[in-house]
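What follows is the residue order along each chain.
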Amino acid sequence: MRLSLRLLLPVLLVLSAVPASAIELLNVSYDPTREFYSEYNAAFAKHWAAQTGEKVQIKTSHGGSGKQARSVIDGLQADVVTLALAADIDAISSIGGVIDKAWQQRLPQNSTPYTSTIVLLVRKGNPKGIKDWPDLIKPGVKVITPNPKTSGGARWNLLAAWGWALQQPGGNEAKARAYVTQLYRNVPVLDSGARASTTTFVQRGIGDVQITWENEAMLALKEFGADKFEIVAPSLSILAEPPVAVVDKVVDKRGTRKVATEYVSWLYSAEAQDIAARNYYRPRLEAVATKYAAQFPRIKLFTLAQVFGDWGRVQKLWFDDGGIFDQIYQN
Amino acid sequence: MSRPNGALTESAWVRRLLIGIALAFFAVFLLLPLVVVFAEALTKGIAPYFEAMQEPDAIAALKLSLAIVAIVVPINALCGLCAAWAIAKFRFAGRSLLLALIDLPFAVSPVIAGLVYVLLLGSPGVLGPLLREWDIQIIFAVPGMVLATLFVTFPFVARELIPLMEQQGNDEEHAARLLGANGLQIFLRVTLPNIKWALMYGALLCGARALGEFGAVSVVSGHIRGQTNTLPLQVEILYNEYQFQAAFAVASMLALFALITLAVKALLERRYARELGHH
């Protein structure tokens, strides 16, 4: 067994070789923020070094927002979470008990430093002539959207569609429900996250239209060429607010509260807002928003609060087991 | 065409057709994907190919994968050897239960295996509060990934050794005992030399599976870049980030390991067919 011990020793050394000099921070995020946070992390490390002289190394983990929240609840040691919607951070707070209940009041604008909306991505030339929400329930149109149980984007997608139907002349709950039920009949596959959905639509060529984050659609255009896909801005959509929070229990245990708090606060700085806008998130800061105004299609937006109330209510009513989504999808 | 075996009654063209179908199947489902992996990895040329493999996260993934293999294979070789020895050489109560348990990882989906560890060792899990008190992180860290891989790859060594040891019987051990050897001597000088190539073979398969395992490891990994991503998980991440060439470059690393495994396996089978019990 001496041989295997000799083999094991360097292995154990490699495993325990955590650079002691740098502070490490883990940001557990949702799917389409990969490109944004890889740029932000580099800028933040520079900012932190300039401010304190300390080196900080930021690690990230990405996946469907609900799935990521589940991992943090199950013990993934995230210093900060940057998820797709408030309900997922609420779940970490209530089920996991590792984030203070009042987390959303700790940072400006409901702890949402950047926003986005939900748009429609179609193939070049728009062969099915999709212009707005009603076109999605036409027979023969295949719609790609992820699973609202695991994906935050998917929940925004459903609420955007529902909210549009509700606000049509003569619109009511029953009509909205009928519209969304019809819409999900046109969905051939439910992926676990927004990025998996994009891969299905863009790479595997399945579906005629993808309902997705504006930033995700714009990134797809950049990566695969504007000659292959087009963004269709619907007449009305939802203001999607992906919030951020420090995970109290973890930062207190690891002694990283100061740097973690600065990490989420600095997202509101001019420099960070510019990075967000470059990565197709709608910035909160007026000056940056003006600078990038031409980049974003003008869409009439409604907020969650205006139409549905808060995420606690929406999550319970629409997406928990036996909720409206389950009733719709079983039909 | 002469008939090598008089018992075969199929005419020559039937045999040719069947062999042709098998070869075509082999080409389409095994050879073609392998070619595609390397072709995609090299779409941008040689330099980007090696750049993709030297990217810090890819190197971290490679190191982690090899570390997991280096921990899992010795442990499973030892445990598999003990289990096979007990099952093949002795008759005891619960023997068939042990045999069934060894096969359990083959029957259970790896995702479920990973999930069981999360439910058991995760924060809200049965042992979660205890682990938190002692400040031990197993799930979403390397120990959890090692555990999940240990579980999934457990049967390989035992499954390889049991039939061979059963076939060899106890005669040589009895002879050694009569000649005055003690237990350890019997094991080291009689039992082990008889099965060493089969043990190697089992360890090789175990290592190959450990390197390629995705499902179980994915559940317990937490997907922290440069920290808890193995090679297969890194491939998925790169693919999801639209870095297709890099994804295939890392995938080609896995394919390369697979080819090496295959070559060593073929060599073992050729040279030591008798010792392996593969007649």
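Parameters at a glance
Residues numbered from 1 in each chain as written. Chains lettered and ligands numbered in written order. Predicted model: local features only at pLDDT ≥ 70, side-chain atom pairs only at ≥ 80, totals over all residues. Heavy atoms only, no water. Helix = DSSP H or I, 4+ residues; strand = E, 2+ residues; numbered from the N terminus. Buried < 20%, exposed > 50% of the residue type's maximum accessible area, 1.4 Å probe, protein only. Contact = heavy atoms within 4.5 Å. Rg over C-alpha atoms; globule rule 2.2 N^0.38 Å. Domains from an automatic or database assignment. Buried area = accessible area lost by both parts, 1.4 Å probe. Salt bridge = Lys/Arg side-chain N within 4 Å of Asp/Glu carboxyl O. Polar contact = N/O pair within 3.5 Å; in protein donor to acceptor, adjacent residues only side chain to side chain. Pairing = 2+ DSSP bridges. Axes fitted to C-alpha atoms, helices over the stretch in contact; angles between N-to-C directions. Core = buried A, V, L, I, M, F, W, Y, C linked by side-chain atoms within 4.5 Å. pLDDT = per-residue confidence, 0-100. Expected span 1.5 Å × (residues − 1). Bend = angle between axes of the 7 residues up to and from the residue. Arc of directions from axis to C-beta.

**Quick notes on the overall build of chain B**
Scanning chain B from N- to C-terminus turns up 14 helices and 0 strands. In sequence order, the secondary structure elements of chain B are arranged as α-α-α-α-α-α-α-α-α-α-α-α-α-α. Counting only C-alpha atoms and orienting by the principal axes, one finds that chain B spans roughly 65 × 65 × 30 Å. Within chain B, the fraction of its 279 residues that count as buried is 42%. Partitioning the intrachain contacts of chain B with sequence separation of at least 6 by distance along the chain shows that 71% fall at a separation of at least 24.

**Considering the overall build of chain A**
If you tally the helices and strands in chain A, you get 16 helices and 11 strands. Here the C-alpha radius of gyration of chain A, 21 Å, is about what a compact globule of 331 residues would show, namely 20 Å. On the principal axes, the C-alpha backbone points of chain A span a range of 70 × 55 × 40 Å. The contacts in chain A between residues at least 6 apart in sequence include a share of 75% that link residues at least 24 apart.

**Concerning the domain arrangement of chain B**
All names here are of chain B. Taken domain by domain, chain B holds domain 1 (1–41) and domain 2 (46–277). The interface of domain 1 with domain 2 comprises 5 residues on the first partner and 9 residues on the second. Summing the contributions of domain 1 and of domain 2, the shared interface buries around 620 Å²; its carbon and sulfur component is 83%. Ranking the residues of domain 1 by area buried against domain 2 places Val-37, Phe-38 and Ala-41 at the top, with a combined share of 68%. At the junction of domain 1 and domain 2, the tally comes to 0 salt bridges.

**Some points on the side chain of A:Ser29**
Tracing the backbone through its elements, the reader meets A:Ser29 in strand β1 (residues 23–30). Not counting residues within four places of it along the chain, the set of residues in contact with A:Ser29 comprises A:Tyr37, A:Ser61, A:His62, A:Gly63, A:Gln68, A:Thr82 and A:Leu83.

**A closer look at the side chain of A:Ser111**
Residues and elements named next belong to chain A. Here Ser-111 is to be found in helix α5 (residues 108–111). According to the relative accessible area criterion, Ser-111 is buried, its value standing at 0%. A distance of 3.3 Å separates the side chain of Ser-111 from the backbone oxygen of Gln-104, its partner in a polar contact. Contact partners of Ser-111, with chain neighbours within four places excluded, come to Trp-103, Gln-104, Arg-106, Pro-243, Val-244 and Tyr-268.

**Here we look at the sheet that holds strand β9 (residues 244–246) of chain A**
Neighbouring strands of a sheet are bound in pairs by backbone hydrogen bonds; such pairs are parallel or else antiparallel. Residues and elements named next belong to chain A. Strand order in the open sheet made by the 4 strands is β2-β1-β3-β9, with mixed pairing throughout. Two strands lie at the open edges of the sheet, namely β2 (56–63) and β9, each paired on one side alone. Sheet twist, expressed as the mean angle between neighbouring strand axes with direction ignored, is 20°. Those strands touched by helix α2 (residues 34–52) are β1, β2, β3 (80–82) and β9, and its axis lies near 165° from that of β2.

**Quick look at the nonpolar core**
Of all hydrophobic cores here, the largest spans 156 residues; its most connected members are A:Val81, A:Trp133, A:Leu136, A:Trp162 and A:Trp311. Element by element, the count of residues in this core is highest for helix α3 (residues 56–89) of chain B, at 13 residues. Those residues in contact with A:Trp162 that sit more than four places away from it in its chain are A:Glu173, A:Ala176, A:Arg177, A:Val180, A:Phe308, A:Trp318, A:Ile324 and A:Ile328.

**Remarks on the confidence of the model for chain B**
Per-residue pLDDT for chain B averages 90, and the proportion of residues at 70 or more is 96%. Mean pLDDT across the elements of chain B ranges from a minimum in helix α14 (residues 273–276) of chain B, with 76, to a maximum in helix α7 (residues 142–153) of chain B, with 95.

**A word on helix α1 (residues 12–41) of chain B**
All names here are of chain B. Helix length check: α1, at 30 residues, gives a terminal C-alpha distance of 42 Å against a target of 44 Å (1.5 Å per residue), a fit within 8%. Roughly 35° is the biggest bend found in α1, and it falls at Ala-27. Against the buried residues of α1 lie α2 (46–54) and α13 (244–271).

**Details of the interface of chain A and chain B**
Opposite the 31 residues of chain A that make contact, chain B presents 27 residues. Each partner contributes to the roughly 2,400 Å² buried at the junction of chain A and chain B, and carbon and sulfur atoms together form 62% of this total. Put simply, chain A and chain B have 2 salt bridges between them. Two residues, B:Glu241 and A:Arg34, come together in a salt bridge whose shortest N-O distance is 3.5 Å. Linking chain A with chain B are 9 residue pairs in polar contact (both at pLDDT 80 or more), by the criterion used here. For the side of chain A that touches chain B, the elements supplying multiple residues, two or more each, are α1 (2–16), β1, α2, β2, α3 (65–73), α8 (194–203) and α9 (214–224) of chain A. The element that contributes the greatest number of residues to the side of chain A that touches chain B is α1(A), accounting for 5 residues.

**Structural notes on helix α15 (residues 311–319) of chain A**
Residues and elements named next belong to chain A. Among the residues making up α15, those that are buried are Trp-311, Val-314, Gln-315, Trp-318 and Phe-319. The buried side chains of α15 occupy one side of the element, clustering within an arc of 100° when seen end-on. The elements touched by buried residues of α15 are α4 (86–96), α6 (152–166), α14 (304–307) and α16 (324–330).

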